[in-house]
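Given next are the chains, with one letter for each unit.
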Amino acid sequence: MQANDTEMTAKSLIARLVQQEDINFLLTNRIPRELLTRFMGWLSRIEHPWVCGPCIALWRLFSDLDLSEAKQTRFRSVHACFTRELKVGARPIDPRPGLLVSPCDALIGACGRVAQGTVLQAKGFPYPLADLLGDAGLARYYQGGQYATLRLTSSMYHRFHAPADCRVEQVDYISGDTWNVNPIALKRVERLFCKNERAVIRCRLTSGAAITLVPVAAILVASLRLKFLDVLLHLRYRGSNIIPCDARLARGEEMGWFEHGSTIIVVAPRGACLSDAVQEGGRIQVGRALMEIDR
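Residues numbered from 1 in each chain as written. Predicted model: local features only at pLDDT ≥ 70, side-chain atom pairs only at ≥ 80, totals over all residues. Heavy atoms only, no water.

J.: Can you help me understand the overall build of the protein in this one?
T.: If you tally the helices and strands in the protein, you get nine helices and 17 strands. When burial is assessed residue by residue, the protein has 50% of its 295 residues classed as buried. Taking the intrachain contacts of the protein between residues at least 6 apart in sequence as the baseline, contacts between residues at least 24 apart amount to 77%. For the protein, the accessible area works out to roughly 14300 Å², and carbon and sulfur atoms hold 54% of it. (Helix = DSSP H or I, 4+ residues; strand = E, 2+ residues; numbered from the N terminus. Buried < 20%, exposed > 50% of the residue type's maximum accessible area, 1.4 Å probe, protein only. Contact = heavy atoms within 4.5 Å. Areas by Shrake-Rupley, 256 points an atom, 1.4 Å probe, with all protein chains shown as cover.)

Rendered as structure tokens:
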């Protein structure tokens, strides 16, 4: 009991410390971001109990890591814990037609209508959708549509899934920086999502409409795995930036995973609307209704 009280006290002190904006921004951004990200990638893959055990214990101290829904709860490396699978049935998929479901477990960030070619990363911080997508024509297609920013925290389930029955037609890999994507950084760094490493995943629904998912990497992440591509996308990837695809996925089928927590931005065309339960600051899980799409 005393050990639990000590752990709770330590967590409370750490939480108060990291919630101070200046300290949080300094600790997570004013450091050699790429070097630290590569180091964490190396450390997380070490398969040794003297490394894995203490690292996961430290992770629990800094977060609300919950492994009760994981398919397994003992891991050979921190990376295996980061990219854990869930028990079958842990994330039921909403079957109603005309829905886009959430591709990931997340905190809901800025969301709403694509207006005059811009979307928000935080209140008062608009950015051009074309800069995020790297394609002005694709951005024009989504004028008047809807977008939702979904932020995965470090302790969340890190795999992401198809939001609808779809065909992935193309992946545009855009190398970039590794800024933190937490709310403090989003209020301080303009066009942050447009600066970070990301993949622009172009999907075609069975109705013919197009949707786009943009997984954005961040500090300690900078690595994306897409199951339908035989390549790991990361800062050192020097392959083709435009990768044609023809991958057919069912709603809820796994698409890939992050190496840590980060963000996915979902963009849908005119005629889509956010589901009633989707509100900035809320939480959502894989398979829950995200948008209704009338196309």
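After that view of the structure, there is still more to cover.
J.: Can you walk me through the sheet that holds strand β17 (residues 289-293) in this structure?
T.: Backbone hydrogen bonds are what pair the strands of a sheet, in a parallel or an antiparallel way. The strand order across the open sheet built from three strands is β1-β17-β15, with neighbouring strands paired in antiparallel fashion. Looking at which strands have only one partner, the edges of the open sheet turn out to be β1 (99-101) and β15 (272-274). Strand-to-strand, the axes of this sheet are offset by a mean angle of 25°, without reference to chain direction. Sheet analysis places β1 next to β17, joined by three bridges and oriented antiparallel. Looking across to β17, one finds that L99 is bridged to E292. (Pairing = 2+ DSSP bridges. Axes fitted to C-alpha atoms, helices over the stretch in contact; angles between N-to-C directions.)

J.: Whenever I open this one, unusual backbone geometry confuses me. Can you help?
T.: A negative phi holds for most residues other than glycine; trans holds for most peptide bonds. Of note, the phi angle at Q116 is positive, near 55°, even though the residue is not glycine. With respect to the helices, strands and loops of the structure, Q116 is situated in the loop between β2 (106-113) and β3 (118-122). Overall, the relative accessible area of 75% leaves Q116 in the exposed class. Phi at R191 is positive, roughly 55°, even though this residue is not glycine.

J.: Help me understand the packing of aromatic side chains in this model?
T.: All chains considered together, the criterion is met by three aromatic pairs. Judged by centre distance (5.0 Å) and plane angle (80°), the ring pair of Y141 and Y142 falls under edge-to-face. Ring geometry for F160 against F258: centres 5.5 Å apart, planes inclined by 50°, an arrangement best described as tilted. With F160 in strand β6 (residues 159-161) and F258 in strand β13 (residues 254-258), this residue pair connects regions lying 98 residues apart in the sequence. Summarising the burial analysis for this pair, F160 and F258 share the class buried. (Phe/Tyr/Trp six-rings, centres within 6.5 Å; stacked < 30°, edge-to-face > 60°.)

J.: Any chance you could explain the pairing of strand β9 (residues 210-216) here in plain terms?
T.: On any regular strand, side chains alternate: one points to one face of the sheet, the next to the other face. Among the seven residues in β9, seven count as buried, and that is most of the element. Both faces of β9 are covered, namely the face carrying A210, T212, V214 and V216 and the face carrying I211, L213 and P215. One ladder, built from five bridges, connects strand β8 (residues 198-205) with β9; its direction is antiparallel. Pairing of R198 across the sheet is with V216, part of β9. From the end of β8 to the start of β9, which pair antiparallel, there are four residues, and G208 there has a positive phi angle of about 105°.

J.: Honestly, the nonpolar core in this entry has me stumped. Any pointers?
T.: Across soluble globular proteins, nonpolar side chains have a tendency to be buried as a group. One finds L150, V168, V171, I201 and M255 to be the most contacted residues of the largest nonpolar core, which totals 41 residues. Ignoring any residue separated from it by four or fewer positions in sequence, one finds L150 in contact with S102, P103, C104, A106, L107, I108, S262, T263, I264, V266, I284 and L290. Counting 26 residues, the second-largest nonpolar core is a separate cluster that includes V189, L192, F193 and A210. (Core = buried A, V, L, I, M, F, W, Y, C linked by side-chain atoms within 4.5 Å.)

J.: Which parts of the structure should I look at to understand the pattern of salt bridges?
T.: A side chain of one charge can pair with a side chain of the opposite charge when the charged atoms of the two come close. Using the criterion set out here, one finds 12 salt bridges in the structure. Where R167 meets E169, a salt bridge forms, and the shortest distance between an N and an O atom there is 3.0 Å. When its relative accessible area of 24% is taken as the criterion, R167 is described as partly exposed. Connected through salt bridges with shared partners, the residues R167, E169, R204 and D246 form a single ionic network. (Salt bridge = Lys/Arg side-chain N within 4 Å of Asp/Glu carboxyl O.)

J.: Looking at this structure, how should I read the sheet that holds strand β14 (residues 263-268)?
T.: An order of β12-β7-β8-β9-β14-β5-β2-β16 is seen for the eight strands of this open sheet, with the pairing classed as antiparallel. In this open sheet, the two strands that pair with only one neighbour each are β12 (242-249) and β16 (283-284). Examined bridge by bridge, strand β7 (residues 166-174) and β8 share eight bridges and lie antiparallel to one another. Looking at β8, one finds that V171 is bridged to I201.

J.: Any chance you could explain the environment of F193 here in plain terms?
T.: As for its position among the elements, F193 is in helix α9 (residues 192-195). Separated by 70 residues in the primary sequence, F193 and T263 have C-alpha atoms spaced 8.9 Å apart. Setting aside its immediate chain neighbours within four residues, F193 contacts Q121, Y127, L132, T149, V181, L186, R198, V216, T263 and I265.

This is a description of form; function is not addressed.
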